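Analysis of the macromolecular model
Letter by letter, the chains look like this.
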Amino acid sequence: MARPVFIIDGSRTPFLKARTGPGPFTPVDLAVQCGRPLLARQPFAASAFDQVILGCVNVIADEMNPARVAALRLGMGEDMVAFTVQINCGSGMQSIDTAYRYIREGNANLILAGGTEALSYAPLVWPNQGVRWFAGLATAKGLGAKIMAALKVKPSYLKPVIGLERGLTDPITELNMGQTAEVVGHLFGITRTQSDSYAAESHQRLAKAQKEGFLKGEVETAFAHDGKFYDHDDGVRPDSTPESLAKLRPVFERPWGQVTAGNSSQITDGASWVILASEDAVAKHGLTPKAAIIDSQWSALDPSIMGLGPVLCATEILKRNELTLREVDTWELNEAFATQVLGCLAAWNDDKFCREVLGLDGAAGELDRANLNVDGGAISLGHPVGTSGNRIVLHLVNAMKRLGTRRGIATECIGGGLGGAMLIEMV
Amino acid sequence: MQSKIMDVLSDRVLVLGPAPAPGSYRHFKLTRDAEGIAWLLFDREGASANTLSADVLEEFDEVLTAVESERPTGLVIRSAKKSGFIAGADVKEFRGASDPAVVETAIGRAHAVIDRLEALRVPSVAVIHGFCLGGGLEVALACQARIAVDNARFGFPEVLLGLHPGLGGTARFTRLVNPMQAMTLMLTGRTIDARRARALGLVDAVTQERHVAGAVRDAVFGRLTRARPGLLVSVLNSSPARTLLASRMRKEAAKAASPAHYPAPYGLIDLWEKHGGDKAAMLAAEKSSFAHLMVTPTAQNLIRVFFLREQMKKLAGSGNKVGHVHVIGAGAMGGDIAAWCANQGLRVSLADMKAEPIASAVRRASDLFGKIIRKPIDVRDALDRLIPDMDGEGVRNADLIIEAVPEKLALKQKVYAGLEPRMKPGAILATNTSSIPLEDLRTTLQRPERLLGLHFFNPVSRLQLVEVVSHDGTDGTLLKEALAFVGVIDRLPLPVKSSPGFLVNRALTPYMLEAMLMLDEGIDKLVIDAAAEKFGMPMGPIELADQVGLDICLDVGDMLRAKFGASLPQAPAWLREKVARAELGRKSGKGFYDWRDGKADKSQTAANPPQPTNEMTDRLILPMSNVCVACLREGIVDNADVVDGAMIFGTGYAPFRGGPLNYARTRGVENIVSTLRMLAQKFGDRFAPDAGWETFR
């Protein structure tokens with residue numbers, strides 16, 4: 001008999017837009033920054049967890065298995081089992097899903113599951129030919145051989161590539177993520193104007209959430225060693241309008257594309273944690289669960305239309321739980337690209353797609369924009385890839401609490417042609 | 001990291017050779033391994049750290065006799081104590097020395113033992129972990145090879161006791177490594193780590209415990225590359241170089257300490273200048289120079305201060321239960337207290353409503369840790385332990401709460417009301433107040449027995465004293481735990497009863513306010529400060545007032561005057577105006593002095609500055625002794641020795657004077673009382689000698 005799994009609490013750092021060069025915090029620094037206040041407010045000791053699971057895509061060389069490094073730096077004790085998971089843009093949700101399954105099957109009672117990413121730390125990568133040339137130079141014996149080896153250099157060997165650029169390109173199709181959004185937009189007739197309007201609203205929703213204090217208790221101020229502090233998601237541009245966004249040039253497919261820097265998610269650093277507990281742990285530590293995880297699903301599809309991932313996995317959950325789109329009160333659908341989010345909505349409203357791809361009797365229907373990404377998303381907040389999946393679950397719970405809704409789905413598209421979704425109910 | 005597994009395995013860490021059979025020595029164990037290498041383990045009976053006393057050295061001499069006759073392949077000397085190699089001489093034996101001839105005879109016997117070690121005809125290797133200080137380093141220097149384990153620290157702290165090395169260290173150290181650097185280490189008393197010792201050439205190799213056996217074998221069988229003094233060492237030890245360098249060293253030394261107050265550095269420089277080229281002569285001269293320094297009042301007072309520190313450490317006791325400290329208020333004091341506790345290994349949540357003060361506390365902590373913590377990973381861990389806490393959530397898990405919010409009764413009481421329901425059972429509520437009586441603070445508390453005072457001094461990282469304040473209802477167990485906490489963060493506790501200004505501020509306030517009156521009389525501020533510095537105070541009263549903050553001086557002065565009335569000088573009206581103009585001293589950049597980069601600008605010295613008179617010095621210094629006697633009489637503190645320690649460790653009161661009460665005793669109580677009476681006649685009743693002098697001895 002599957003055991004219920006509860007979400008107890010969670011917190012995240014402000015999402016910090018990557019500007020020039022490495023930001024103030026490494027991936028583990030970020031995880032420590034938001035982990036410390038979260039652990040401090042629990043009625044149990046940090047050592048009471050059974051394990052720590054952390055999603056992270058771009059692990060930096062100094063922090064292999066960042067989950068374990070973070071657990072130790074958070075003072076969780078020498079015997080804290082901790083591992084890092086990676087499913088690209090879904091990593092932060094994969095950590096929750098893994099924890100959910102451990103607890104559901106009775107293998108653990110209390111797990112700290114998170115996601116962290118410092119995209120500003122993305123390394124410069126030397127081309128492979130350049131690395132081979134350097135290795136040849138280093139191993140050449142004798143002055144003559146060294147000179148000969150050195151002379152083999154070509155200018156292109158010494159031209160580094162920004163690692164992030166490669167990371168955001170699907171290796172199977174050689175399409176950049178932005179290009180996959182262009183593909184989805186094309187297939188479902190999304191226009192530039194629609195995308196820009198969606199993006200402008202994302203900024204306005206986040207600005208309102210910040211102003212009204214909706215993020216209090218979720219976003220923890222991060223303090224750097226140099227005396228600077230960061231207390232809000234700094235990618236927000238409250239003055240964005242569809243008109244101002246319309247002036248931007250497409251970045252991925254010039255000159256006729258519609259995906260611009262303004263209607264895409266931002267390159268950002270940030271971390272997020274969620275505490276998951278079994279009924280036993282709730283009773284043992286006197287916890288107050290906020291929500292329960294009801295179901296989760298991963299789906300996969302052609303990498304060139306990876307943006308449609310959420311439609312596949314969320315629909316699976318709906319079918320399994322005999323729910324319709326409208327019976328889910330609140331949605332977090334990660335805003336990788338405005339065009340891609342709108343593509344998903346259009347797909348659910350597409351009779352043929354729903355029949356032949358999703359196996360429904362007809363179009364799933366219209367997803368009300370009022371219930372979707374109520375406080376903005378990756379377009380205004382940014383998209384630290386390994387973190388976003390965690391953040392949307394955390395924020396879904398907090399948003400449902402504020403709105404007084406009961407049932408919600410958090411879902412994201414995943415580079416490489418995947419989608420992940422999680423069904424949450426408030427308790 | 002705390003590790004239960006490593007705890008289980010901890011007795012396997014030190015490599016001590018084959019297990020010794022029960023032997024006939026009290027302080028040593030001697031065994032021999034399969035290769036014929038003798039392992040001499042120093043394990044002083046009944047002590048947690050090794051020190052050298054007369055009877056230890058006597059037994060060491062017997063051991064050396066045995067080694068000479070047994071002729072092992074090699075001799076390893078190392079400590080069996082976890083704390084380190086040898087912490088130095090047993091300072092107890094220095095106390096009360098008054099006859100240089102007696103000291104010289106005793107040190108001569110010790111020299112003979114060390115010389116014998118040096119003359120051994122088997123390869124001798126010192127394996128050094130942890131502290132290797134003073135006499136301990138001198139033992140190591142007499143070995144042929146030195147292997148440092150990577151946690152080793154080396155130094156000659158004798159100068160801090162008014163002495164210089166006396167077991168041959170001056171001669172052997174200056175011949176082994178660059179004498180400029182050797183002298184600098186001996187003149188400052190600073191310690192260095194193993195890497196730096198290797199770079200200097202003080203040790204031949206640095207390794208980890210796990211490779212000690214291999215390193216020893218190589219050293220004994222001549223396979224270890226030895227650190228040998230280079231040509232530079234002999235050049236710098238030549239006579240013309242010594243003359244030149246010695247005069248430069250004297251100039252440097254004079255910046256830190258005057259020869260009248262601190263003769264030891266100058267004695268050391270003389271010794272090297274005269275004999276630096278000649279080992280035998282320097283060894284001989286070292287004995288007599290050491291013996292003469294030992295009987296000076298400065299050395300005897302500094303040795304007394306050493307024991308005052310030990311005594312205050314004992315007051316802290318053991319049994320600390322504090323693992324998590326919650327500090328409320330991230331201002332200058334709160335932030336620095338939090339940083340210090342994190343540095344000492346505790347988890348600290350630092351609460352403030354605003355992010356700015358927390359961020360600035362984190363920056364100060366980061367700067368401090370960068371200076372005082374050697375390894376970057378340890379800096380990172382210390383900063384990880386310092387947890388910014390904008391929601392005050394740290395309270396629930398804290399074992400100790402230190403409130404450091406502004407000195408307003410209503411504000412503090414409001415803070416307490418918010419805290420009390422969330423405190424863990426058994427947690428201590430401490431206030432860092434310097435001016436509000438605990439009796440007022442406790443009135444609104446549900447459980448006043450949990451309240452006590454922990455009064456830190458600024459800068460927290462440098463002033464070791466913490467006044468631990470109790471009121472008549474403080475729970476005795478919690479008070480003991482608070483004392484143990486102070487010990488665990490490497491500070492020295494002074495238990496005091498709740499009373500305005502406790503001890504230290506009450507004693508310091510007349511020092512600063514009297515200086516204000518002297519300004520009124522037209523005495524130049526530089527002369528006033530010089531009057532105190534001439535006595536040996538680390539900082540004159542005017543500069544100190546600037547440093548503390550004129551607003552705070554005024555507040556504390558007013559508070560104390562309200563209680564003690566005419567026994568304190570009245571703060572002049574112009575001081576209030578100065579404070580109203582926001583000329584607050586160091587923190588505002590301008591007070592009596594202009595402040596730049598944390599330093600007072602004293603450049604405006606006149607060509608022929610008037611000399612301070614002894615009367616000026618007495619006006620500033622004697623009231624401190626007077627207040628200390630009053631506090632003893634009133635029972636605010638109960639031990640005259642500890643009062644001296646508190647004034648030295650909390651204010652920097654001239655340590656070579658041994659503290660304000662020791663000074664009074666040395667000068668003569670009658671002299672003090674009559675001088676105070678004379679000052680009272682001339683300047684007013686504030687100088688009236690306290691009734692406590694009648695019973696003070």
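Residues numbered from 1 in each chain as written. Chains lettered and ligands numbered in written order. Predicted model: local features only at pLDDT ≥ 70, side-chain atom pairs only at ≥ 80, totals over all residues.

1. So, the overall build of chain A
- When you go through chain A residue by residue, the secondary structure sums to 15 helices and 14 strands.
- For chain A, the C-alpha radius of gyration of 22 Å lies close to 22 Å, the compact-globule estimate for 427 residues.
- Across its three principal directions, the C-alpha atoms of chain A cover 75 × 55 × 40 Å.
- Residues classed as buried in chain A amount to 56% of the 427 residues present.
- Within chain A, contacts between residues at least 6 apart in sequence are counted, and of these 81% link residues at least 24 apart. (Helix = DSSP H or I, 4+ residues; strand = E, 2+ residues; numbered from the N terminus. Rg over C-alpha atoms; globule rule 2.2 N^0.38 Å. Buried ≥ 20, exposed ≤ 12 C-beta atoms within 10 Å, placed from the backbone. Contact = placed C-beta atoms within 7 Å.)

2. Describing the overall build of chain B
- Check the secondary structure of chain B and you find 28 helices and 20 strands.
- Relative to the 2.2 N^0.38 estimate, which gives 26 Å for 697 residues, the radius of gyration of chain B is 27 Å and therefore close to what a compact globule would have.
- For chain B, buried positions account for 51% of its 697 residues.
- Taking contacts inside chain B between residues at least 6 apart in sequence as the whole, the part at least 24 apart equals 71%.

3. Some remarks on the pairing of strand E3 (residues 74-79) of chain B
Residue and element names in this part refer to chain B.
- The element E3 is largely enclosed, with a buried count of six among its six residues.
- A two-sided burial pattern is seen for E3, the buried positions comprising Gly74, Val76 and Arg78 on one face and Leu75, Ile77 and Ser79 on the other.
- Crossover connection from strand E2 (residues 37-42) via helix H2 (residues 54-70) to parallel E3: handedness right-handed.
- In this structure, E3 lies alongside strand E5 (residues 124-128), joined through three bridges in parallel fashion. Residue pairing across strands places leucine 75 opposite serine 124, the latter belonging to E5. (Right-handed = clockwise from strand over helix to strand, strands pointing away. Pairing = 2+ DSSP bridges.)

4. A few points about the nonpolar core
- The biggest cluster of nonpolar side chains holds 354 residues, and the ones touching the most others in it are A:Leu276 and B:Ile401.
- Element by element, the count of residues in this core is highest for helix H25 (residues 614-634) of chain B, at eleven residues.
- For B:Ile401, the contacting residues outside a window of four places in its chain are B:His326, B:Ile328, B:Val395, B:Leu419, B:Met423, B:Ala427, B:Ile428, B:Leu429 and B:Ala430. (Core = buried A, V, L, I, M, F, W, Y, C linked by C-beta atoms within 7 Å.)

5. Considerations on the interface of chain B and chain A
- With 23 residues of chain B at the interface, the matching set in chain A holds 17 residues.
- Breaking the side of chain B that touches chain A down by element, the ones donating at least two residues are strand E12 (347-351), helix H15 (355-372), helix H16 (376-385) and strand E13 (386-389) of chain B.
- The greatest single-element share of the side of chain B that touches chain A, amounting to seven residues, is contributed by H15(B).
- By residue class, the composition of the side of chain B that touches chain A is nine nonpolar, seven polar and seven charged. (Nonpolar A, V, L, I, M, F, W, Y, C, P; charged D, E, K, R; others polar.)

6. Some remarks on the domain arrangement of chain B
- In terms of domain boundaries, chain B breaks down into domain 1 (2-295), domain 2 (319-498) and domain 3 (505-694).
- Placing the centre of domain 1 of chain B and that of domain 3 of chain B at their C-alpha centroids yields a distance of 42 Å. (Domains from an automatic or database assignment.)

7. Concerning the sheet that holds strand E1 (residues 28-32) of chain B
Residues and elements named next belong to chain B.
- Ordered by their spatial adjacency, six strands build an open sheet running E1-E2-E3-E5-E7-E10, and the pairing between neighbours is mixed. With one partner strand each, in any of the chains shown, E1 and strand E10 (205-207) form the two edges of the open sheet. When the angles between neighbouring strand axes are averaged without regard to direction, this sheet yields 20°.
- Bridge count for E2 against E3 is six bridges, and the pairing is parallel. The partner of alanine 38 across the bridge, within E3, is leucine 75. (Axes fitted to C-alpha atoms, helices over the stretch in contact; angles between N-to-C directions.)

8. Section: the packing of helix H6 (residues 179-188) of chain B against helix H11 (residues 264-275) of chain B
All names here are of chain B.
- Where H6 meets H11, the axes come as close as 10 Å, and the angle between the chain directions of the two elements is 155°. With respect to H11, the element H6 is oriented roughly antiparallel. Note that H6 runs across H11; the crossing there is right-handed. Residues Pro179, Met183, Met186 and Leu187 of H6 pack against Pro265, Leu268 and Trp272 of H11.
- A class-by-class count of the residues in the contact of H6 with H11 yields seven nonpolar, no polar and no charged. (Parallel < 35°, antiparallel > 145°, perpendicular 65-115°, else oblique. Left-handed = near helix turned anticlockwise from the far one by under 90°.)

9. Points about the packing of helix H21 (residues 525-535) of chain B against H25(B)
Residue and element names in this part refer to chain B.
- Contact pair H21 / H25: the axes reach a minimum separation of 9 Å and the direction vectors enclose 75°. In terms of their interaxial angle, H21 and H25 are classed as roughly perpendicular. Counted together, Ile528, Ala531, Ala532, Lys534 and Phe535 of H21 and Met616, Thr617, Leu620 and Ile621 of H25 form the full contact between these two elements.
- Along the lines of polarity and charge, the residues of the contact of H21 with H25 split into seven nonpolar, one polar and one charged.

10. Some details on the pairing of E12(B)
Residue and element names in this part refer to chain B.
- Most of E12 is tucked away: five of the five residues are buried.
- Here five bridges tie strand E11 (residues 324-328) to E12, and the two strands are oriented parallel to one another. Directly across from valine 327, in E12, lies its bridge partner leucine 350.
- Following the backbone out of E11, through helix H14 (residues 332-343) and into the adjacent parallel E12, one traces a crossover that is right-handed.

11. Here's the deal with the sheet that holds strand E9 (residues 191-193) of chain B
Residue and element names in this part refer to chain B.
- Spatial ordering of the open sheet is given by E4-E6-E8-E9, a layout of four strands whose pairing is mixed. Looking at strand neighbours, the two that pair on one side only are strand E4 (84-86) and E9, the edges of this open sheet. Each adjacent strand pair in this sheet contributes to an overall mean axis angle of 20°, direction not counted.

12. Section: helix H19 (residues 476-488) of chain B
Residue and element names in this part refer to chain B.
- Between its first and last C-alpha, H19 extends 19 Å over 13 residues, near the 18 Å set by a 1.5 Å rise per residue.
- When H19 is considered as a whole, its buried residues turn out to be Leu478, Glu481, Ala482, Leu483, Phe485, Val486 and Gly487.
- Structurally, H19 contributes buried residues whose contacts are with helix H13 (297-316), strand E14 (400-403), strand E15 (428-431), strand E16 (451-456), strand E17 (465-470) and strand E18 (492-497).
- Aspartate 490 lies just past H19 and shows a positive phi near 60°. (Expected span 1.5 Å × (residues − 1).)

13. Looking at unusual backbone geometry
- A:Pro255 follows A:Arg254 through a cis peptide bond whose omega is 0°.
- Its location among the elements puts A:Pro255 in the loop between helix H9 (242-246) and strand E10 (268-278).
- The backbone of B:Arg71 sits at a positive phi, close to 45°, despite the residue not being glycine.
- Summarising the element assignment, B:Arg71 is placed in the loop between H2 and E3.
- Assessed through the 12 C-beta atoms surrounding it within 10 Å, B:Arg71 is described here as exposed.
- Even without a glycine there, the phi angle at B:Ala582 is positive, about 65°.
- When you line up the elements, B:Ala582 lands in the loop between helix H24 (573-580) and strand E19 (595-596).
- Under the C-beta neighbour-count criterion, B:Ala582 is labelled exposed, with 12 such atoms within 10 Å.

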